[in-house]
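Okay, here's what each chain looks like letter by letter:
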Protein chains: 4
Amino acid sequence: MNWREKLYIIIFEADTPAGKAFDVALLFAIGTSVLLVMLESVSEFESEYRPYLKAAEWMFTVLFTIEYILRIISAHKPLKYMGSFFGVIDLIAVIPTYLAFFIAGTHYFVVIRTLRLLRVFRILKLAKYVGASRIISEALVNSKAKISVFLFAVLNSVIILGTLMYLIEGSESGFTSIPRSIYWAVVTLTTVGYGDIAPSTVIGQFLASIIMILGYAIIAVPTGIVTSELTRSRNFTNICANCATKNDANNNYCSNCGNKLENSSKS
Amino acid sequence: MNWREKLYIIIFEADTPAGKAFDVALLFAIGTSVLLVMLESVSEFESEYRPYLKAAEWMFTVLFTIEYILRIISAHKPLKYMGSFFGVIDLIAVIPTYLAFFIAGTHYFVVIRTLRLLRVFRILKLAKYVGASRIISEALVNSKAKISVFLFAVLNSVIILGTLMYLIEGSESGFTSIPRSIYWAVVTLTTVGYGDIAPSTVIGQFLASIIMILGYAIIAVPTGIVTSELTRSRNFTNICANCATKNDANNNYCSNCGNKLENSSKS
Amino acid sequence: MNWREKLYIIIFEADTPAGKAFDVALLFAIGTSVLLVMLESVSEFESEYRPYLKAAEWMFTVLFTIEYILRIISAHKPLKYMGSFFGVIDLIAVIPTYLAFFIAGTHYFVVIRTLRLLRVFRILKLAKYVGASRIISEALVNSKAKISVFLFAVLNSVIILGTLMYLIEGSESGFTSIPRSIYWAVVTLTTVGYGDIAPSTVIGQFLASIIMILGYAIIAVPTGIVTSELTRSRNFTNICANCATKNDANNNYCSNCGNKLENSSKS
Amino acid sequence: MNWREKLYIIIFEADTPAGKAFDVALLFAIGTSVLLVMLESVSEFESEYRPYLKAAEWMFTVLFTIEYILRIISAHKPLKYMGSFFGVIDLIAVIPTYLAFFIAGTHYFVVIRTLRLLRVFRILKLAKYVGASRIISEALVNSKAKISVFLFAVLNSVIILGTLMYLIEGSESGFTSIPRSIYWAVVTLTTVGYGDIAPSTVIGQFLASIIMILGYAIIAVPTGIVTSELTRSRNFTNICANCATKNDANNNYCSNCGNKLENSSKS
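Keep in mind that what you see is a predicted model, and the values were worked out from it rather than measured.

### A few points about the overall build of chain A
For chain A, the count of helices and strands is 12 helices and 2 strands. Sorting the 267 residues of chain A into buried and exposed places 49% on the buried side. Per element, the accessible surface of chain A, about 12,400 Å² overall, is 69% carbon and sulfur.

Next comes the structure, spelled out in structure tokens:
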């Protein structure tokens, strides 16, 4: 086993003590660096600890750059790694600090490093969490069409209702333009309700009330979509050995090819 | 094939290159015209580009008018088209600009054009999305009775609670009349919570807390209604000739005994 | 058929033209009287139309009083009617106007008349809506225990979190007392968020963020309870003729007594 | 039966009249003491009744201390009691008053006593409520992995979106630092929407609108998770010897063929 293979096991895997130590240290470093960038934006904090913050940021960036280079060197297929989700994130996570040389303020984008923390599930072999996240994302992907239609309908409603409120309310109560009124309609329909813009006329409040009660019923739709998807996916856990169709956990025979299923309905 | 038939294929269908190009151009024109009307309402923008905005609005309106006339001419059954959902929308979408000659401000209603964008799903043959929207609207139609009862109950609660808060709070904290207090009750029960009206007395805040916690439980009802409707999609109408188990309409083999089913419904 | 029987058919039933006309007129009168009381609370409106509003209120109250007396006279079992839900509402709906002689402001309680509108479903024989409201209320009654436990847990959380925020925030940002902080906790946990009280310290905002994200997960619980109840109730529509057990629509034989069910799984 | 056994029956059980009376009195005392601490924080109330409130607080604390000692003395396994959930709560519930000698303000922590009220379900033998709370907490425990993944995803989104808004909005509209912007993102994504911080630039409002609509779809996820967990309660573990259909554990007869089932599990 040459040094590249050793490096690979330490950096990419978490089965050996060294590999595990590396991963935990990495997660810790990522967390700390994100936290420091956040604190840097707090002016009282920044004015007092500026040199230390700058030094820490550079230290972390250099560390992560070295780590990124080592990953490319040790990866079995460097190009595949560079093109993968985590490969791209690893690169993006170091760029902002260098970019700040040319464009001021861009170093704040290093918070994108927070996405690297997603690795925590994978590297620490938390199979349960990986499974859970797969179920959730599958349910979301499966309901993509329904959610798109729903969002399109919401978009239409929001444009028409926003314009209506603009015409009813006029500028005094904050409905100064159609885009702003649409922003209000989004704030209201999603039940966020900042209150920075609120209807003041009687007709405006009446229409707003109707929008809210409708929004109340509308909120039921995405919930229903995702729930029905999650409920369905939970039952179809009995995969046919013959044709790979997913069967209900209670089935004895595959509903697609009639093959006898191994009864896994105990779980 | 005469020119009317050719026109029909271009305007109403999207299978030929010309038809597809027409539809994409149409969607683009609709989107742009809606966007321009929105921007027109932003005063800084309007004062600078007024002549251009006016010109663009007229151009789009004339274009859409011509398109509407061509649709009537080329349609197989002109009257049926004019009476259909999209026929009515197509007409309403051009009226406001002309109406603005007589009544100022009405041209903003052209945002109704945004509804024409709904065509995007139909013309681009996005079967998946059409199916998804059918499932959602079916679920909503099926739960119409339940949602009506729910909304009626909410209406009753809101009237009684609003009046109660009016009597408790008095005018200082914004509860200046019963309709306004009802508006507050809607804002609170739907968890929008602008904060333009908020209880300031101890009893008022106590009652408001109860309303909110109840509203928290109430929000569960429409969600439950729609979800149970969406979940029910699978229908077990395929009875096994061997063991009499009811199977899902999509099954090929009985899920219980593995007997081949007579696959009648594929829905 | 004597006059009492005729009166009964007109007042209590809606099958004859006279009965239907009476019910529609009654609903109209109730709606109008509630609307007028609401408008009376709007000061500009009240100062202008005071005499008319007063006259109308008395007219409606006298009418409803006569109606109530006629109902008692014509009812088959007067005492049973007086003790029923609608009997009590009918009485309460006329009292406030008379009470206003002795205690000022009480006449606003006539909005309780709005509950009489619930009759609309019953008298107009809207069987579908009656069924829908029965399903919803059954689901709520069935999940009573679960919802109680949930509300008790919310109450506990709100008391402890409110106290914590009182100690963290102090009086400057509106957390002036524990009850007020608990009110804030309710406003936050239910996602209403007026903004009349909002944390201003860093630790306060941090704790508030945790409360909100938890509240986000908590909102799932009542929804889950009601949904699972509504989903269950929808399936158990096959009542056994032998033992009255409710069976799943897909069952062939009663799961309780083994009696053959009349297969109603088509619906 | 010695005095310790008698004491045990009175304090720990609720089957005898004395035991029941003790428990009811205890719940009443807990409720009163929590209420008094809350009222003490209301300055007008405190300045008037200070001596009485102080006296009451000490009286309750001494009473609860005696009760705690008696519980330890009479418990069958004192150490097991002290280590149990309620044992710890009982101790924590008396500490704050004593602690207030040394650290001012800490006596407010006695509101933790409210948790002792949870005993109400257990001691009054409300089996239905105990069952309900077991179902809810089981569903939450089972969906722990999914909810963790969901919260982790929310945390990531909130950090990145908050930073983005900080860069877009700048300090004028309240986005003074990244932590504060993240706080805003939490307030918005959870649809609380205080309005103490709200975007004022066009791009900021546009991004905020997208966040809200996404948050609207995201709220569906935890609801779906808990609902699908709660719905799953029925378990089909009772296999018919005649037709091999899987029946609900509570069935007496096979729902498919009417064959008598061997009723093993009654759960």
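### Some words on helix H1 (residues 3-12) of chain D
What H1(D) keeps buried is the set Leu7(D), Tyr8(D), Ile9(D), Ile11(D) and Phe12(D). In this structure, the buried side of H1(D) is in contact with helix H2 (17-40), helix H3 (43-74) and helix H4 (78-83) of chain D.

### Description of the interface of chain A and chain B
Many analyses report the size of an interface as the accessible area lost when the parts associate. Contacts between the two partners involve 53 residues from chain A and, on the opposite side, 55 residues from chain B. Both sides of the chain A and chain B interface together cover about 4,600 Å² of buried area, and 71% of this is carbon and sulfur. Counting the contacts that link chain A with chain B gives 0 salt bridges. Between chain A and chain B we count 4 residue pairs in polar contact (both at pLDDT 80 or more) in total.

### Observations regarding the environment of Thr106(C)
Mapping Thr106(C) onto the fold places it in the loop between helix H6 (95-99) and helix H7 (119-123). Distance from Thr106(C) to Val187(C), taken between C-alpha atoms, is 29 Å for residues 81 residues apart in sequence.

### A short note on the packing of helix H11 (residues 202-218) of chain B against helix H10 (residues 178-189) of chain C
Where H11(B) contacts H10(C), the axes come no closer than 9 Å and their chain directions differ by 25°. With respect to each other, H11(B) and H10(C) are oriented roughly parallel. Of the two possible hands of crossing, H11(B) and H10(C) adopt the one that is left-handed. On the side of H11(B), the interface is formed by Gln205(B), Ala208(B), Ser209(B), Met212(B), Ile213(B) and Tyr216(B), while H10(C) contributes Arg180(C), Tyr183(C), Val186(C), Val187(C) and Leu189(C).

### A few points about the packing of helix H9 (residues 144-169) of chain A against helix H11 (residues 202-218) of chain A
Residue and element names in this part refer to chain A. The geometry of H9 relative to H11 is characterised by a closest axis approach of 10 Å and an angle of 170° between their N-to-C directions. When the axes of H9 and H11 are compared, the pair comes out roughly antiparallel. Residues Phe150, Leu161, Leu164, Met165, Ile168 and Glu169 of H9 form the contact with H11, whose participating residues are Ile203, Gly204, Gln205, Leu207, Ala208, Ile211 and Ile218. Looking at the contact of H9 with H11 residue by residue, the classes come out as 10 nonpolar, 2 polar and 1 charged.

### Details of the pattern of salt bridges
Residue and element names in this part refer to chain A. Enumeration according to the criterion identifies 21 salt bridges over all chains in this entry. A salt bridge links glutamate 67 to arginine 71, with the nearest nitrogen and oxygen atoms 2.6 Å apart. Residue glutamate 67 and its partner arginine 71 are both found in helix H3 (residues 43-74); the two are separated by 4 residues, about one turn of the helix. A relative accessible area of 6% places glutamate 67 in the buried class. For arginine 71, a relative accessible area of 1% puts it in the buried group. A network of salt bridges, in which partner residues are shared, links Glu67, Arg71 and Asp90.

### Examining the environment of Leu115(C)
Summarising the element assignment, Leu115(C) is placed in the loop between H6 and H7. Sequence-wise, Leu115(C) and Ile89(C) are 26 residues apart; in three dimensions their C-alpha atoms are separated by 7.2 Å. Among residues more than four places away in sequence, those in contact with Leu115(C) are Asn156(B), Ile160(B), Phe86(C) and Ile89(C).

### Re the interface of chain C and chain B
On the side of chain B, 47 residues touch chain C, which itself brings 52 residues to the contact. Both sides together, the interface formed by chain C and chain B hides about 4,400 Å², and carbon and sulfur atoms give 72% of it. On inspection of chain C and its partner chain B, the count reaches 0 salt bridges. Linking chain C to chain B there are 4 residue pairs in polar contact (both at pLDDT 80 or more). Split by residue class, the side of chain C that touches chain B holds 31 nonpolar, 17 polar and 4 charged.

### A look at the side chain of Ser33(C)
Residue and element names in this part refer to chain C. Tracing the backbone through its elements, the reader meets serine 33 in helix H2 (residues 17-40). Looking at serine 33, its side chain comes within polar contact range of the main-chain oxygen of isoleucine 30, at 3.0 Å. Excluding anything up to four places from it in sequence, serine 33 contacts Phe60, Phe64 and Arg113.

### Brief notes about the relation of the copies chain A and chain B
Between the two copies, chain A and chain B, the superposition gives an RMSD of 3.0 Å; the rotation angle is 91° and the shift along the axis is 0.8 Å. Overall, the copies show the geometry of a four-fold rotation axis. Minimal C-alpha distance to the rotation axis in chain A is attained by Thr227(A), lying at 3.2 Å.

### Observations regarding the nonpolar core
Formed by 211 residues in total, the largest nonpolar core has its most connected members in Trp184(A), Trp184(B), Trp184(C) and Trp184(D). Sorting elements by how many residues they give to this core places helix H9 (residues 144-169) of chain B first, with 11 residues. In this structure, Trp184(C) is in contact with Met165(C), Phe175(C), Ile197(C), Ala198(C), Pro199(C), Ala208(C), Ile211(C) and Tyr194(D), ignoring residues within four places of it in sequence.

### Here's the deal with the side chain of Thr191(B)
Counting through the fold element by element, Thr191(B) comes out in the loop between helix H10 (178-189) and H11. Using a relative accessible area of 4% as the deciding quantity, one classes Thr191(B) as buried. In this structure Thr191(B) touches Thr191(A), Thr190(C), Thr191(C), Val192(C) and Thr191(D), once residues within four positions along its chain are discounted.

### As for the packing of aromatic side chains
Under the criterion given, the structure shown has 37 aromatic pairs over all chains. Note on Phe175(C) and Trp184(C): the rings are 5.1 Å apart at their centroids and 65° apart in plane angle, and the pair reads as edge-to-face. Plain terms: the ring middles of Phe12(D) and Tyr81(D) are 5.5 Å apart, the flat faces sit at 90° to each other, and that makes the pair edge-to-face. Of this pair, Phe12(D) sits in helix H1 while Tyr81(D) sits in helix H4; the two residues are 69 residues apart in sequence, bridging distant segments of the chain. For Tyr81(D), a relative accessible area of 8% gives the class buried. Seen from the ring of Phe12(C), Arg71(C) lies directly overhead, with NZ or CZ sitting 5.1 Å from the centre.

### Overview of the environment of Phe101(D)
Checked against the element boundaries, Phe101(D) lands in the loop between helix H6 (95-99) and helix H7 (119-123). In this structure the C-alpha to C-alpha distance between Phe101(D) and Ser255(D), which are 154 residues apart in sequence, comes to 68 Å.

### Details of helix H10 (residues 178-189) of chain D
End to end, H10(D) covers 16 Å across 12 residues, agreeing with the expected 16 Å (1.5 Å per residue, within 8%). Most of H10(D) is tucked away: 10 of the 12 residues are buried. In the core, the buried residues of H10(D) are packed alongside helix H2 (17-40) of chain A, helix H11 (202-218) of chain C together with helix H9 (144-169) and helix H11 (202-218) of chain D. Positive backbone phi, at 60°, marks Thr191(D), one or two positions downstream of H10(D).

### Comments concerning the confidence of the model for chain A
Looking at chain A, the pLDDT average stands at 81 and 89% of residues meet or exceed 70. Scoring of the predicted complex yields 0.83 for pTM and 0.81 for ipTM.

Conventions and cut-offs
- Residues numbered from 1 in each chain as written.
- Chains lettered and ligands numbered in written order.
- Predicted model: local features only at pLDDT ≥ 70, side-chain atom pairs only at ≥ 80, totals over all residues.
- Heavy atoms only, no water.
- Helix = DSSP H or I, 4+ residues; strand = E, 2+ residues; numbered from the N terminus.
- Buried < 20%, exposed > 50% of the residue type's maximum accessible area, 1.4 Å probe, protein only.
- Areas by Shrake-Rupley, 256 points an atom, 1.4 Å probe, with all protein chains shown as cover.
- Contact = heavy atoms within 4.5 Å.
- Buried area = accessible area lost by both parts, 1.4 Å probe.
- Salt bridge = Lys/Arg side-chain N within 4 Å of Asp/Glu carboxyl O.
- Polar contact = N/O pair within 3.5 Å; in protein donor to acceptor, adjacent residues only side chain to side chain.
- Axes fitted to C-alpha atoms, helices over the stretch in contact; angles between N-to-C directions.
- Parallel < 35°, antiparallel > 145°, perpendicular 65-115°, else oblique.
- Left-handed = near helix turned anticlockwise from the far one by under 90°.
- Nonpolar A, V, L, I, M, F, W, Y, C, P; charged D, E, K, R; others polar.
- Least-squares fit on C-alpha atoms with pLDDT ≥ 70 in both.
- Core = buried A, V, L, I, M, F, W, Y, C linked by side-chain atoms within 4.5 Å.
- Phe/Tyr/Trp six-rings, centres within 6.5 Å; stacked < 30°, edge-to-face > 60°.
- Lys NZ or Arg CZ within 6 Å of the ring centre and 35° of its normal.
- Expected span 1.5 Å × (residues − 1).
- pLDDT = per-residue confidence, 0-100.

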